[in-house]
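# Examining the three-dimensional arrangement
Below are the chains, spelled out letter by letter.
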Amino acid sequence: MKQLTILSGKGGTGKTTIAASFAVLAKNAVVADCDVDAPDLHMLLHPEVIDTQEFRGSKVAVLDKTKCTQCGLCKERCKFGAINADLNVEAISCEGCNVCVVVCPVHAIILAERHSGSAYISKTNYGFMAHALLAPGESNSGKLVTLVRQNAKILAENKNCDLIIIDGSPGVGCPVMASITGVDAALVVAEPTLSGIHDLERVLKLLKHFNVVPFVCVNMYDVNTNNANRILSFCNENRVEVVGNIPFNSDVTKAMVNGKAVVEYSPESNVAEEIACMWKKISSLLNCAVE
Amino acid sequence: MLLVEKAGLEKTSVAVNMALSLDNVQLIDCDVEEPNAYLLLHPKLEKTESVYTEVPVVNRELCTNCGECSKFCQYHAIFTTADKILVFPELCHSCGGCALVCPTMAITWEKHRIGVLKSASAEDIELVYGELEIGKPMAVPIIKAVKKYLKQDLNIILDSPPGTSCPFVETVRGSDFCILVTEPTPFGLHDLKIAIQVLKTLGIPFGVVINRAGVGDTKVYDYCKEDGIRILMEIPYQRKIAELYSQGIPFSLEMPEWNEKFQVLYEEIRMLVKK
């Protein structure tokens, strides 16, 4: 079984549009939405939830006011500023480190499990899907990404699927790392903008750090063909395979508004054709069944 | 005065164009995973410094291998084996707990480099930004370091990281107002709703700027109307704006009519905050 992660440095580069299209085109894949902060894939694939798991990714300090003697030691020792002037725990700042529990002389504080989000296993028209939603403002998104990937793996094993398509999150921090460890390849969706080039370079460095094979595609390449060419030559110099140049087409937004992947909504469009062509290349590079 | 803005495509463009339109501005780029503001401003670099976190070091002479530190650590960042203690700096949150519970005081602290902080100036904008080292997972300590440079006597604009988890929370904490940049599409609306939940929890007032107005559908507008959320500005989808952004040129430099719009926007927010 192979795993492919779709990434981008910044949000809004078309990552989810491509992930959804691959999910439609792949005949025997499980799809995993690992952008747990702001998952969008479900709006295109309309999963029907089969199973929900509560995610308890972190703990939070809970202070019993009836025992508290107002000594303030907890506030003094907290490195996260999570105990305010009135000695109340501000849950959104608490990282569940346990220091306040240990320093409290009257044992007025305990660590409690906190509901940090939910993970789902679902069925779509195109196969099974693992996804999740981090509770707003929660930390530990990396752990939730790992849980989604575990769910996807179990699904893929049980259903004999040969590929997991992972929609990653923007940036290069912990949730991104959790979405690329141990995968076979990653497709980076780059925009032909100055920022896009900079972000691409950083994501490629991260992939190298984790020994993941990179593929690159340029989305909306015709918005700035000079920059698109710069990306091509940068990738050539660094021996990174460029698997597609996707043109700008307003059908992409129309497909999104209609809740469909663009290859479903307008399969004859130049965008859909380029994505399909890209999918063929990637799936043959990964050695999985095409259509 | 603090402003933060986030969510969706080209939010950096809004932060930078607003900064260029105002006087006495400090622009703080808190997207330390992918800092972009400096690419649009071409600033003169003034200072670079390393950002460190504190991680434990175990003094082998004092350590009795009792394992209390590992038992305490909620992040599995310190591990006791039969004959040694392993520290994983990437997992450590620097809470100080392991040293606190160590019965022989064998734990002290050392610096662990996770990125850099840069201060620079462009025209009359003071720019501060951070850059997370590739392979380091935690952006929050760099955001905290960058925010130490806030100058309260200036008009401060913070450019936020994407998402709504810890880096976003750390950025918006303490802000007077938050501008949420979104686009009129289902994705834009969905991400906007999540961001609004976080801001309501934190008690930070906010308004919405609609970028790429004219694409997509009207659901963002309907939602804002229903919930009484103020739409502060619309930036139309124009090929020219997209092309300028792709070249790294803030559009207000080529389309000066936008300077006044950003000034009006800023004044409006000031009035809202004062109320």
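Residues numbered from 1 in each chain as written. Chains lettered and ligands numbered in written order. Predicted model: local features only at pLDDT ≥ 70, side-chain atom pairs only at ≥ 80, totals over all residues.

## A few points about the domain arrangement of chain A
Residue and element names in this part refer to chain A. When its domains are assigned, chain A resolves into domain 1 (2-56 + 117-286) and domain 2 (58-114). Contact with domain 1, which involves four residues of that partner, is made by five residues of domain 2. Its residues assigned to classes, the side of domain 1 that touches domain 2 comprises no nonpolar, three polar and one charged. (Domains from an automatic or database assignment. Contact = placed C-beta atoms within 7 Å. Nonpolar A, V, L, I, M, F, W, Y, C, P; charged D, E, K, R; others polar.)

## Some points on the packing of helix α7 (residues 186-202) of chain B against helix α8 (residues 219-226) of chain B
Residues and elements named next belong to chain B. Where α7 contacts α8, the two axes come as close as 9 Å, and the packing angle between them is 30°. For the element pair α7 / α8, the angle class is roughly parallel. Contact with α7, carried on its side by P186, G188, L189 and L192, involves K219, V220 and Y223 of α8 and no other residues of that element. Of the residues belonging to the contact of α7 with α8, the class tally is five nonpolar, one polar and one charged. (Axes fitted to C-alpha atoms, helices over the stretch in contact; angles between N-to-C directions. Helix = DSSP H or I, 4+ residues; strand = E, 2+ residues; numbered from the N terminus. Parallel < 35°, antiparallel > 145°, perpendicular 65-115°, else oblique.)

## Digging into the nonpolar core
All names here are of chain A. Counting 152 residues, the largest nonpolar core has A23, V30, V148, I165 and V188 as its most contacted members. Leaving out residues up to four positions away in the same chain, I165 has contacts with L4, A19, F22, A23, A26, A29 and V31. Counting 15 residues, the second largest nonpolar core, distinct from the first, contains C74, A82, C97 and V101. (Core = buried A, V, L, I, M, F, W, Y, C linked by C-beta atoms within 7 Å. Buried ≥ 20, exposed ≤ 12 C-beta atoms within 10 Å, placed from the backbone.)

## With respect to the pairing of strand β7 (residues 125-132) of chain B
All names here are of chain B. β7 sits mainly inside the fold: eight of its eight residues count as buried. Of the two faces of β7, the one carrying I125, L127, Y129 and E131 and the one carrying E126, V128, G130 and L132 are both buried. Relative to β7, strand β2 (residues 25-29) is paired through five bridges, and the arrangement is parallel. Opposite Q26, over in β7, you have E126 as the bridge partner. Alignment of strand β6 (residues 107-122) against β7, held across eight bridges, turns out to be antiparallel. Along β7, the bridge assignment pairs G115 with L132. Joining the antiparallel neighbours β6 and β7 is a turn of two residues, in which E123 adopts a positive phi near 55°. (Pairing = 2+ DSSP bridges.)

## Focus: helix α11 (residues 257-274) of chain B
Residue and element names in this part refer to chain B. For α11, which comprises 18 residues, the first-to-last C-alpha distance of 27 Å matches the rise-based estimate of 26 Å (1.5 Å per residue) to within 8%. Of all the positions in α11, only W258, L265, Y266 and I269 are classed as buried. Each buried residue of α11 lies within a common arc of 95° when the element is viewed along its axis, so the set occupies one face. Facing away from the buried side of α11 by over 90 degrees, the exposed positions are E257, E260, E267, M271 and K274. (Expected span 1.5 Å × (residues − 1). Arc of directions from axis to C-beta.)

## Section: the interface of chain B and chain A
Note: interface size is frequently given as the accessible area lost on complex formation between the parts. In this complex, chain B contributes 48 residues to the contact, which on the side of chain A involves 49 residues. Secondary-structure elements contributing two or more residues to the side of chain B that touches chain A are α4 (97-101), α6 (166-172), α7 and α9 (239-246) of chain B. With nine residues, α7(B) is the largest single contributor of residues to the side of chain B that touches chain A. By residue class, the composition of the side of chain B that touches chain A is 23 nonpolar, 20 polar and five charged.

## Considering the sheet that holds strand β9 (residues 185-190) of chain A
Residue and element names in this part refer to chain A. Read across the sheet, nine strands follow the order β3-β6-β7-β2-β8-β1-β9-β10-β11 without closing on themselves; strand pairing throughout is mixed. Here the strands that pair on one side only, and so sit at the sheet edges, are β3 (48-55) and β11 (241-246). The mean angle between the axes of side-by-side strands here comes to 20°, regardless of whether they run parallel or antiparallel. Here strand β6 (residues 117-124) runs beside strand β7 (residues 127-134); their pairing, made up of eight bridges, is antiparallel. Along β7, the bridge assignment pairs K123 with F128. Across the sheet, helix α11 (residues 270-286) lies against β1 (2-7), β8 (163-167), β9, β10 (213-219) and β11, angled at about 165° from β11, the strand it touches most.

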